[in-house]
Amino acid sequence: MSKKGKVSNNNHANILKNFSISAISIILALFISVFFVMWAKDYNFSQAAELLFKSIWKGSFGTKTNLVETLVFATPLIFTGLAHAVAFRTGLFNIGVEGQFMIGMIVATIVGLIPGIPAIIHIPLTIIAGTIGGAIWAAIPGYLKARVGTNEVVNTIMLNFVARSISNYFTMGPFHMENSASTENIQKSAELFRFLGEYNRLNVSIFIAIIVVFLVYILLWKTTIGYEIRAVGLSATSAEYGGISIGKNIILAMVISGIIAGLGGATHIMGVQHQSAQLGGFPGYGMDGIAVALVAKSNPIGVIFSAVLFAALNYSSGTLMLAGIPKTIVYLVQGIIILFIAGEYAFRLISQRMKKKEALANE
């Protein structure tokens, strides 16, 4: 077998191993959650398991309306999960995906409110504006990390609050709709097409998200740029020794992450909300995207399935409550999944350190 073939087989084996770890984590999380349902409902194991799994299925996929809304909720999670995955691949923790998503939302709203532009121009113009907003917002901490060495986690967290304040300023200021806590609706020419009618929120943004997933996959695994980004994430020292610029790739990865997050925010406004509302807190898509990327093991294709999983768990919470199961079971399942996956990361890190110590001892 050729060297290239061996490398390809190793890559496939690693992907299968990573997905199997995520699958086992999900199964264990659901299994453990059954015991909490037993405690809440005073059921035996089989009754609790049947009630939990039926409620989750019915609440997320059981009816046409629930299936549609699950996909609507999954769409922004695909964007934010993918944005986090790109950052993770470079060894970065871009907590600012939340802020970049919000900037994409408000910039898209402002551009979408401009009257008199034909739809063929207005839609791409609004999308581009949102992606540029997200890119700029991500470039700031990326530049500071690359040039000054500041911690991207701290900078992006602070920028999330700044992004929320900027969004609220424009929402409740220049573009405020009277007697409301939101802007006017964007122009019809800036709205994305909804498949099942005006009052059904499923729109073409889900296809945009899937296209972006495959584009990111090609970028990361089929291009020199992607190779350099992944090399910096695997070992910055080795990458630099091989002639790869660490600073350039940090900024580039953050900008790509911001573009994806900004695109997610823009399409969410254009396809779902059609207006920006005053934010008392964060929308949450960026934060949930961290879990989506972790479960997907930062694999772009895996992000699709991970986003659908988290969307299904979140949207089924109402059905769980109707069945007498506490809504917190959903957060419990999510938390246990993340805990198991984080445990695998910790175990791998400890194993690597032990191997290094053994190697040094044998020298």
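Criteria and thresholds
Residues numbered from 1 in each chain as written. Predicted model: local features only at pLDDT ≥ 70, side-chain atom pairs only at ≥ 80, totals over all residues. Heavy atoms only, no water. Helix = DSSP H or I, 4+ residues; strand = E, 2+ residues; numbered from the N terminus. Buried < 20%, exposed > 50% of the residue type's maximum accessible area, 1.4 Å probe, protein only. Contact = heavy atoms within 4.5 Å. Patch = residues over 30% accessible without salt bridge, like charges linked within 9 Å, V, L, I, M, F, W, Y side chains within 5 Å. Areas by Shrake-Rupley, 256 points an atom, 1.4 Å probe, with all protein chains shown as cover. Salt bridge = Lys/Arg side-chain N within 4 Å of Asp/Glu carboxyl O. Phe/Tyr/Trp six-rings, centres within 6.5 Å; stacked < 30°, edge-to-face > 60°. Lys NZ or Arg CZ within 6 Å of the ring centre and 35° of its normal. Axes fitted to C-alpha atoms, helices over the stretch in contact; angles between N-to-C directions. Parallel < 35°, antiparallel > 145°, perpendicular 65-115°, else oblique. Left-handed = near helix turned anticlockwise from the far one by under 90°. Nonpolar A, V, L, I, M, F, W, Y, C, P; charged D, E, K, R; others polar.

Q: Please explain the overall build of the protein chain as it appears in this structure.
A: Of the regular secondary structure elements, the protein chain holds 14 helices and zero strands. Along the protein chain, helices (α) and strands (β) appear in the sequence α-α-α-α-α-α-α-α-α-α-α-α-α-α when read from the amino end. The buried share of the protein chain, reckoned over its 363 residues, is 46%. Long-range contacts, defined as pairs at least 24 residues apart, comprise 74% of the intrachain contacts of the protein chain with a sequence gap of at least 6.

Q: I would appreciate a short explanation of a nonpolar patch on the surface in the present structure.
A: On the surface, a cluster of nonpolar side chains totalling about 370 Å² of accessible area is made up of F31, F35, F36 and F45. Ranked by residue count, the leading element in the nonpolar patch is helix α1 (residues 3-41), at three residues. Tracing the backbone shows F45 in helix α2 (residues 45-60). The exposure class assigned to F45 is partly exposed, which follows from its relative accessible area of 32%.

Q: It is not clear to me how the packing of aromatic side chains should be interpreted in this structure. Could you clarify?
A: For any two aromatic rings, the description comes down to two numbers: the centre-to-centre distance and the angle of the planes. Within the structure shown, the criterion is met by 13 aromatic pairs. Plain terms: the ring middles of F31 and F45 are 5.4 Å apart, the flat faces sit at 50 degrees to each other, and that makes the pair tilted. Of this pair, F31 sits in helix α1 while F45 is found in helix α2, placing the two residues 14 residues apart along the sequence. Taken together, a centroid distance of 5.5 Å and an interplanar angle of 55 degrees make the contact between F35 and F45 tilted. On the criterion of sequence distance, the pair formed by F35 in helix α1 and F45 in helix α2 is long-range, its members being ten residues apart. Each residue in the set F31, F35 and F45 is aromatic and connected to the rest through ring pairs, giving one cluster. Across from the ring centre of F282, 5.1 Å away, lies the NZ or CZ of R164, which sits over that ring.

Q: Would you mind showing me how to read the environment of S55 here?
A: Locating S55 in the fold gives a position in helix α2. The class of S55 is buried, set by a relative accessible area of 6%. With 264 residues separating them along the chain, S55 and T319 place their C-alpha atoms 5.9 Å apart.

Q: Please clarify how unusual backbone geometry should be interpreted in this entry.
A: Phi is positive for D42, which is not a glycine, with a value near 60 degrees. Phi at N179 takes a positive value of approximately 60 degrees, unusual for a residue other than glycine. Relative to the helices and strands, N179 resides in the loop between α6 (152-172) and α7 (205-222).

Q: What's the story with the packing of helix α3 (residues 64-89) against helix α12 (residues 300-315) in this structure? I'm lost.
A: Packed helix pairs are characterised by how far apart their axes lie and by the angle those axes make with each other. Contact pair α3 / α12: the axes reach a minimum separation of 7 Å and the direction vectors enclose 135 degrees. As judged from the angle between their axes, α3 and α12 are oblique. As for the relative orientation of α3 and α12, their crossing is right-handed in sense. Across from N66, E69, T70, F73, A74, L77, I78, G81, L82 and A85 in α3, the residues of α12 making contact are P300, V303, I304, A307, V308, F310, A311, A312, N314 and Y315. Residues belonging to the contact of α3 with α12 are distributed by class as follows: 15 nonpolar, four polar and one charged.

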